[in-house]
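Summary of the model geometry
What follows is each chain in one-letter form.
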Amino acid sequence: MYITMVKKIRADGTPCRKCTEVEQLLRKETLLDKIDNIVIADERDPESGGMQLARKYNITYAPFFIVESEGKAPVIYTVYFQFVKEVFKTSTTEKQEIDEIMDMNPDIDFI
Amino acid sequence: MSKLAGREDMTVIAFDVNHLAEEYDQKKPSEIIKLALDSFENLAISFSGADDVVLVDMAVRINPDVNVFSLDTGRLHTETYRLLEQVREHYNIQIEVLFPDTAAVQELVKEKGLYSFYKDGHKECCGIRKVGPLRRKLATLDAWITGQRKDQSPDTRAAVPVIEIDGTFSTSDNRLIKFNPLSNWTSNQIWQYIRKNDVPFNELHKRGFISIGCEPCTRPVLPNQHEREGRWWWEEATTKECGLHPGNLDKKSV
């Protein structure tokens, strides 16, 4: 299994708040060293590695995770709590997962 | 399960989402719905009780037994409940009405009352009453059809593709495909279709409501006001902090 994390640098050059939070959570849970590759999606550079991956997988927000396993299609995670639950089998609550879904998708409630 | 490939093979391999999204981008909504219905058996339309009723009208013409679900938050307008019933009878279809988790609602109301969203923001309530039930339903599907349109929110929906992998609700066991057949339609086109085809619609639209959600969180808008201004108006406009600037993503395709 090979795990790539894509995190964002915003158009003004500052790091994305959510990406920083997620990185801190990974560190706190001692999971950061299980991420094989961290790629930057720099909004100022459409050709940055992370922006290319976002286009390739049709992802429109960050951070996101790509989990590649031999012989299988890559699995993309845009919800952090779902990612750690499924990949690292950590326990999460439904509320945590839904809160994050709503944070990352401000119009998900607009349906 | 997809009619094109087994779930164990990851549906998306055979159902080439990026290619089809491009191919179908300029096609009619009915053609996109047909593709969805032809490609997936385990698929349902999400019907909110607003102008997305056109999805139901189009789909029933293709498959009279199409699956439709609706989220009853417990706080909808009477007019919306009436429309759900009218649609059920008009098209002779079943509408699966989904409800929030009782214990979660009771806990919220006990702790914060019935109108906590005016003080704490709408997300907690929406999470319990809407997103939770939606997520549980989507976990049982291979694909869903929504009424999302680009013109509904210039900030957050400007790049809604007609077909996409649902990055929010897919899991490692369930790769969910999301169809947005109305993505490129404007509100005007929706209403032309409704009038031309005599489609039943929510009475609230006659009273200036454009976007219709829960009763306490929805209000009519004035002419030229954006429909989003009729929802959660007491909160500051949301900025999509996590968004990867869609302009950049759109300029190139890999």
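To be clear, the structure that these remarks concern was listed above.
Throughout what follows, the structure given in this document is the object of discussion. (Residues numbered from 1 in each chain as written. Chains lettered and ligands numbered in written order. Predicted model: local features only at pLDDT ≥ 70, side-chain atom pairs only at ≥ 80, totals over all residues.)

1. Quick notes on unusual backbone geometry
Following A62 of chain A, the chain continues to P63 of chain A via a peptide bond in cis, the omega torsion being 0 degrees. Checked against the element boundaries, P63 of chain A lands in the loop between helix 2 (49-57) and strand 3 (64-68). Residues other than glycine seldom take positive phi values, yet K89 of chain A does so here, at roughly 60 degrees. Within the element layout of this structure, K89 of chain A appears in the loop between helix 3 (80-88) and helix 4 (94-104). Phi is positive for N92 of chain B, which is not a glycine, with a value near 55 degrees. Note on placement: N92 of chain B falls in the loop between helix 4 (78-91) and strand 3 (95-98). (Helix = DSSP H or I, 4+ residues; strand = E, 2+ residues; numbered from the N terminus.)

2. Regarding the sheet that holds strand 1 (residues 2-9) of chain A
All names here are of chain A. Taken in spatial order, the four strands make up an open sheet running 2-1-3-4, and their pairing is mixed. The open sheet has two edge strands with one neighbour each: strand 2 (37-42) and strand 4 (75-77). The average angle at which neighbouring strand axes cross in this sheet is 20 degrees, direction not considered. When strand 1 meets strand 3, the two strands line up antiparallel, connected through five bridges. Directly across from M5, in strand 3, lies its bridge partner F65. Along the sheet face, helix 2 touches strand 1, strand 2, strand 3 and strand 4 and points at about 90 degrees away from the line of strand 2. (Pairing = 2+ DSSP bridges. Axes fitted to C-alpha atoms, helices over the stretch in contact; angles between N-to-C directions. Contact = placed C-beta atoms within 7 Å.)

3. Let's talk about the packing of helix 2 (residues 29-39) of chain B against helix 3 (residues 53-62) of chain B
Helix packing geometry: the angle between the two helix axes and the distance between the axes. Residues and elements named next belong to chain B. The interhelical angle for the contact between helix 2 and helix 3, taken along N-to-C directions, is 55 degrees, at an axis separation of 10 Å. The orientation of helix 2 relative to helix 3 falls into the category oblique. Crossing geometry of helix 2 relative to helix 3 is assigned as right-handed. The segment helix 2 lies against helix 3, with P29, S30, I33, K34 and L37 engaging L55, M58, A59 and I62. Per-class residue counts for the contact of helix 2 with helix 3 are seven nonpolar, one polar and one charged. (Parallel < 35°, antiparallel > 145°, perpendicular 65-115°, else oblique. Left-handed = near helix turned anticlockwise from the far one by under 90°. Nonpolar A, V, L, I, M, F, W, Y, C, P; charged D, E, K, R; others polar.)

4. Comments concerning the pairing of strand 2 of chain A
All names here are of chain A. Bridge count for strand 1 against strand 2 is six bridges, and the pairing is parallel. If you follow K8 over to strand 2, its bridge partner there is A41. With respect to chirality, the unit in which strand 1 leads through helix 1 (residues 17-28) into the neighbouring parallel strand 2 is right-handed. (Right-handed = clockwise from strand over helix to strand, strands pointing away.)

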